[in-house]
2 protein chains.
Amino acid sequence: MTTQRAEFDADTTVTPAGAGRYAAQLAPGWKVGGGLNGGYQLAVIGTAISAHLPEKPDPVAISAYFLSAAEAGPATVDVEVKRAGGRMSTVAAEMTQGDATRVSVLATYSDLDRFDGDVRTTAVEPELPPREECVGRADVPSYVLEMAPLMSRFDMLFPREQSGWTVGEHTGEGRFQAWFRLADDREPDPLALLLVLDALPPVTFDLGLVGWAPTLELSAHVRAKPAPGWLKVQHHTRNLAGGMFEEDCEVWDSTGRLVAQSRQLALAPRAS
Amino acid sequence: MTTQRAEFDADTTVTPAGAGRYAAQLAPGWKVGGGLNGGYQLAVIGTAISAHLPEKPDPVAISAYFLSAAEAGPATVDVEVKRAGGRMSTVAAEMTQGDATRVSVLATYSDLDRFDGDVRTTAVEPELPPREECVGRADVPSYVLEMAPLMSRFDMLFPREQSGWTVGEHTGEGRFQAWFRLADDREPDPLALLLVLDALPPVTFDLGLVGWAPTLELSAHVRAKPAPGWLKVQHHTRNLAGGMFEEDCEVWDSTGRLVAQSRQLALAPRAS
């Protein structure tokens, strides 16, 4: 009997390729529209940084500036330590394909087990209907799945009233909430959270602006190691202006703890 | 008659000092506790980047990782272009003092006049009492002003019910709102907004955690050029956990437009 590696682990594998350099193979399954999902790219880069800092393997804060559209195929991640501290280290990293820089990153890593457990959050866990009442991939039109192979890499279950985007409807609130679980029942961990923070459709879909919303910048904070089980993910935007919008994301684990937060700035699709 | 330069402009002046290098003189007036305010450092770095990109002088997104405590005195900012685009350019920058790197930055700049004016924000401008009913510097105990010379660089007017922190009280909500205006009636612009986003006391003061809250990472989005006049600033936190908290800030201009947003991750002061 062989143990099959989960798809997420296979597709974010990095191998050492020289001083501070890691080789990756970007997988076509994470495409959405013309490009590869930004959260997937972040997870690959985050894995390379983790490999470079074995005593501080967990992202605490990571900021990514997306410079050009990544493609499936070989990629290189270069990691440079900017400050090696006792509890946290900060690095710069870049992902390149050929001569093109795809993403520039700054990140602070640590060992999240070292943080004390005191929680005083005022954030309230999203209330979602039971998963069996939600709308999942089986309800999504096949042309959407073909346009976004990404959506077959995980289960993402929307409350019925927030699932209008799959058929061209929207609530106008600029908010999405969903249950989330990686394929192969791969349990969440800090590196997987980097993907989860950018996996849902852009909240602009819920404003009736359907189309590609390229991320300029995404900064993520991983606040705790997630417990096993289904995650809850919430996206929303407050400020669509000047052709750009901010998108905030929160991820909650199965114990109801807020384990990751992110904010990104993205270009808004043109009004249709 | 001579025209006096505003303090903010004098204290953020940079002069070219070689390829991509700019010299600055960090001014002691921006101290708070033992260190220099992070927003001030960001404004100095932001000014150097602006000098390096004369056709795209405005920060759109900027992410700063604070590596060691800056001191008053000479500093060097090095700027490296990562991608020069038609509408936006992305750079890496570092501020150093002697051999110590103080701050590592990634930023995307543009000319904010080029962005269209369509605004669909759902964010609601904070309601603040008239300024004459608010609590300002004159009401702050002198030992606080001596500990934080920063507070004499601008006017910051708090609603009376949110001013308890000046006398050791707190609401427990983790939220601050204030009117804001730079000294010398210096009007706001995109570079000044970088300071404004980190100028208020940490929201942890409003949770009863009074003390230094060093910023690990701060990412800011400047969404429009601010109109002249008083700004409204709002800080809040949702998630204090594991010895860290996120702090979100919004800045609104005198026309009621949301002109800047930021999120930072900071170390929480110890419970007193």
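Note that the coordinates shown come from a computational prediction; the quantities given were computed from them, not determined experimentally.

Draft legend 1. Seen up close, the UniProt feature "domain: Acyl-CoA thioesterase-like C-terminal" (unreviewed entry) in chain A. As annotated by UniProt and renumbered to match this structure, "domain: Acyl-CoA thioesterase-like C-terminal" (unreviewed entry) occupies residues 145-267 of chain A. Secondary structure across residues 145-267 of chain A comprises 8% helix and 38% strand; the distance between its end C-alpha atoms is 23 Å.

Draft legend 2. A look at the relation of the copies chain B and chain A. Aligned on chain A, chain B shows an RMSD of 0.0 Å; the corresponding rotation is 180 degrees and the shift along the axis is 0.0 Å. Expressed as an axis order, the relation between the two copies is that of a two-fold axis. Comparing interface residues between copies, 100% of those in chain B also sit at the interface in chain A, which points to an isologous, same-surface contact.

Draft legend 3. Region of interest: the side chain of A:E217. Tracing the chain through its elements places A:E217 in strand β11 (residues 215-222). Despite its burial, A:E217 pairs with no opposite charge, the nearest such side chain being A:R263 at 7.8 Å. Here the side chain of A:E217 touches B:S63 through a polar contact of 3.4 Å, side chain to side chain. There is a polar contact of 2.7 Å between the side chain of A:E217 and the side chain of B:H221. With residues near it in sequence (within four places) discarded, A:E217 still touches A:A64, A:Y65, A:R263, A:Q264, A:L265, B:A61, B:S63, B:S219 and B:H221.

Draft legend 4. Broad picture of the pattern of salt bridges. All told, the structure shown has 28 salt bridges over all chains when counted by the stated rule. The salt bridge partner of A:E250 is B:R238, with a shortest N-O separation of 2.7 Å. Linking A:E250 in strand β14 (residues 244-252) with B:R238 in the loop between β12 (231-236) and β13 (240-241), this pair reaches from one chain into another. Assessed through its relative accessible area of 8%, A:E250 is described here as buried. The closest approach of N and O atoms between B:D113 and B:K225, which form a salt bridge, is 2.9 Å. Of this pair, B:D113 sits in the loop between β8 (100-110) and α3 (142-147) while B:K225 sits in the loop between β11 (215-222) and β12, and the two are 112 residues apart along the sequence. Residue classification places B:K225 among the partly exposed residues on the basis of a relative accessible area of 37%.

Draft legend 5. Molecular detail of the nonpolar core. Of all hydrophobic cores here, the largest spans 165 residues; its most connected members are A:W30, A:I49, A:V251, B:W30, B:I49 and B:V251. Here B:I49 is in contact with B:I62, B:V79, B:V91, B:A93, B:V105, B:A107 and B:Y109, once residues within four sequence places are set aside.

Draft legend 6. The pairing of β12(B), seen in detail. All names here are of chain B. Among the 6 residues in β12, 6 count as buried, and that is most of the element. Of the two faces of β12, the one carrying L231, V233 and H235 and the one carrying K232, Q234 and H236 are both buried. As defined by bridge partners, strand β10 (residues 175-182) adjoins β12 across 6 bridges and the pair is classed as antiparallel. Residue pairing in the sheet places A178 in a bridge with V233 of β12. Note: β12 against strand β14 (residues 244-252), 5 bridges, orientation antiparallel. Within β14, the residue paired with K232 across the bridge is W252.

Draft legend 7. Representation of the interface of chain B and chain A within the structure. Each partner contributes to the interface: chain B provides 55 residues, whereas chain A provides 55 residues. Taken together, both faces of the contact between chain B and chain A bury some 4600 Å²; the carbon and sulfur share is 51%. Summed over the three residues of chain B that lose the most area to chain A, namely B:Y65, B:R223 and B:R238, the buried surface amounts to 16% of that side. If you look at where chain B meets chain A, you find 6 salt bridges. Counting the contacts that link chain B with chain A gives 37 residue pairs in polar contact (both at pLDDT 80 or more). Secondary structure elements with two or more residues in the side of chain B that touches chain A: β5 (58-66), β6 (73-84), β7 (89-97), β8, β11, β13, β14 and β15 (258-267) of chain B. If you tally residues by element for the side of chain B that touches chain A, the top one is β15(B), at 7 residues. By residue class, the composition of the side of chain B that touches chain A is 25 nonpolar, 15 polar and 15 charged.

Draft legend 8. Summary view of the environment of A:G242. Within the fold, A:G242 resides in the loop between β13 (240-241) and β14. Looking at A:G242, the relative accessible area reads 3%, which means it is buried. Not counting chain neighbours up to four residues away, the residues in contact with A:G242 comprise B:R87, B:F115, B:D116, B:D118 and B:R257.

Draft legend 9. Representation of the packing of aromatic side chains. Under the counting rule described, the total for this entry stands at 14 aromatic pairs over all chains. Between the aromatic rings of A:W165 and A:F176, the centroid separation amounts to 6.2 Å while the plane-to-plane angle is 65 degrees, which identifies the pairing as edge-to-face. Of this pair, A:W165 sits in the loop between β9 (154-157) and β10 (175-182) while A:F176 sits in strand β10, and the two are 11 residues apart along the sequence. Classification of A:W165 by relative accessible area gives buried; the value is 8%. The class for A:F176 is buried, based on a relative accessible area of 0%. Put simply, the rings of A:F158, A:W165, A:F176 and A:F205 pair up and form one aromatic cluster. Its end group placed over the ring of B:W179, B:R131 keeps NZ or CZ at 4.7 Å from the ring centre.

Draft legend 10. Structural context of helix α2 (residues 38-52) of chain B. Residue and element names in this part refer to chain B. Across its 15 residues, α2 extends 21 Å between first and last C-alpha, which sits within 8% of the 21 Å expected from 1.5 Å per residue. Of all 15 residues in α2, 13 are buried, a share of seventy percent or more. Capping the start of α2, N37 holds a side-chain oxygen 2.9 Å from the backbone nitrogen of G39, two or three residues further along.

Thresholds, definitions, all that
- Residues numbered from 1 in each chain as written.
- Chains lettered and ligands numbered in written order.
- Predicted model: local features only at pLDDT ≥ 70, side-chain atom pairs only at ≥ 80, totals over all residues.
- Heavy atoms only, no water.
- UniProt positions renumbered as here; feature names shortened; annotations may be inferred.
- Helix = DSSP H or I, 4+ residues; strand = E, 2+ residues; numbered from the N terminus.
- Least-squares fit on C-alpha atoms with pLDDT ≥ 70 in both.
- Contact = heavy atoms within 4.5 Å.
- Buried < 20%, exposed > 50% of the residue type's maximum accessible area, 1.4 Å probe, protein only.
- Lys, Arg positive; Asp, Glu negative; His and termini not counted.
- Salt bridge = Lys/Arg side-chain N within 4 Å of Asp/Glu carboxyl O.
- Polar contact = N/O pair within 3.5 Å; in protein donor to acceptor, adjacent residues only side chain to side chain.
- Core = buried A, V, L, I, M, F, W, Y, C linked by side-chain atoms within 4.5 Å.
- Pairing = 2+ DSSP bridges.
- Buried area = accessible area lost by both parts, 1.4 Å probe.
- Nonpolar A, V, L, I, M, F, W, Y, C, P; charged D, E, K, R; others polar.
- Phe/Tyr/Trp six-rings, centres within 6.5 Å; stacked < 30°, edge-to-face > 60°.
- Lys NZ or Arg CZ within 6 Å of the ring centre and 35° of its normal.
- Expected span 1.5 Å × (residues − 1).

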